[in-house]
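Here is what each chain is made of, one letter per residue.
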Amino acid sequence: DLNRSWAAMNRPLLKIRVGINTGDMVVGNMGATGKFAYTVMGDSVNLASRLEGTNKEYHTKIMVSRRTYEQVADKILGRELDRITVKGRTEPVTTYELLGMRDGVLEPDMERFLALYAKGMELSRQRCWSDARRSFEQALAVRPDDYPAQLHLERMKRYEVTPPSDGEDIVVMEHK
C-alpha cells in the first residue's frame, strides 16, 4: 500500500528483504556501562540474518526457515525454496518464501504454478531429476519470470547429466 501511494507521488519505492527464523535467543541491553544497546543475540538470530541475505540469491523478498513456516502455514501462503547451509552453520535448513495471506482467492495461474512447482520440488527430493525438470518447465510455462523455478530447472538439467551424491544437493551459501 505504501509503495502504491509513493509511486503515485513519484517517490522512490521501498525495497526490503526479510529473513525470519524461530528459536531461542537472548534479548536485552548488551554492552558495557555507558555504551550498550538493546538487541537480540544467538544462533537463531544469526540464521534469520543469513536468510535475509540469501533472498538476493533467489530474487525473493521474505525467506523463512521451516521451523517458522510450520507455525504460520495455516494462515500464510508460501512455497519451499531450497535446502541450504549458511555461513557459520553446518546443519542444512529448509527455506520457504512467503507469498501472501491464505484468506484471499488465488489467481488460477498462481494456483497452477504453485502446484507444478511443488511437484517439481517433491520429485527433486525423490531424486527423479527428469520428472522434476519437466515439472519446473511446466511451471515456467505458466510464470516464465520466476527465478527460483529457473534455478531449480537448471539444477535438474545438471543432475540429469551428473547426479549429486547424498548431501551434494544441499546448496551452500558462502557469504553473509
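Residues numbered from 1 in each chain as written. Predicted model: local features only at pLDDT ≥ 70, side-chain atom pairs only at ≥ 80, totals over all residues. Heavy atoms only, no water.

**Student:** Talk me through the nonpolar core; I want residue IDs and the actual numbers.
**Tutor:** Ranked by size, the top nonpolar core spans 27 residues in total, and within it Tyr58, Ile84, Phe113, Tyr117, Phe136, Ala149 and Met156 carry the most contacts. Of all elements in the fold, only α2 (43–58), β5 (76–85), α4 (108–125), α5 (129–142) and α6 (147–161) reach the threshold of two or more residues within this core. The leading source of residues in this core is α4, at 7 residues. Look past the residues within four positions of isoleucine 84 in its chain and what remains in contact with it is Leu51, Thr54, Tyr58, Glu91, Pro92, Val93, Thr95, Ile170, Val171 and Met173. (Core = buried A, V, L, I, M, F, W, Y, C linked by side-chain atoms within 4.5 Å. Buried < 20%, exposed > 50% of the residue type's maximum accessible area, 1.4 Å probe, protein only. Helix = DSSP H or I, 4+ residues; strand = E, 2+ residues; numbered from the N terminus. Contact = heavy atoms within 4.5 Å.)

**Student:** Run through unusual backbone geometry, naming residues and quoting values.
**Tutor:** Non-glycine residue asparagine 10 carries a positive phi angle of around 60 degrees. Looking at asparagine 10, the relative accessible area reads 73%, which means it is exposed. A positive phi angle, near 55 degrees, is found at histidine 59, a position not held by glycine. Mapped onto the secondary structure, histidine 59 falls in the loop between α2 and β4 (62–65).

**Student:** Residue-level account of the packing of aromatic side chains, with values.
**Tutor:** Enumeration according to the criterion identifies 4 aromatic pairs in this entry. Considering the side-chain rings of tyrosine 69 and tyrosine 96, the 4.5 Å spacing of their centres and the 15 degrees angle between planes classify their relative orientation as stacked. Note that tyrosine 69 is positioned in helix α3 (residues 66–72) and tyrosine 96 in strand β6 (residues 93–101), a separation of 27 residues in sequence. Across the pair, tyrosine 96 and tyrosine 69 agree in class, each one buried. Between tryptophan 129 and tyrosine 159, the aromatic rings sit 4.8 Å apart at their centres with planes inclined by 65 degrees, giving edge-to-face as the arrangement. One end of the pair, tryptophan 129, is in helix α5; the other, tyrosine 159, is in helix α6, and 30 residues separate them in sequence. According to the relative accessible area criterion, tryptophan 129 is buried, its value standing at 9%. Taken together, Phe113, Tyr117 and Phe136 form an aromatic cluster joined through their ring pairs. Sitting over the face of the ring of tyrosine 117, arginine 79 holds its NZ or CZ atom 4.6 Å from the ring centroid. The residue whose ring lies beneath arginine 143 is phenylalanine 113, and the NZ or CZ to ring-centre distance is 5.9 Å. (Phe/Tyr/Trp six-rings, centres within 6.5 Å; stacked < 30°, edge-to-face > 60°. Lys NZ or Arg CZ within 6 Å of the ring centre and 35° of its normal.)

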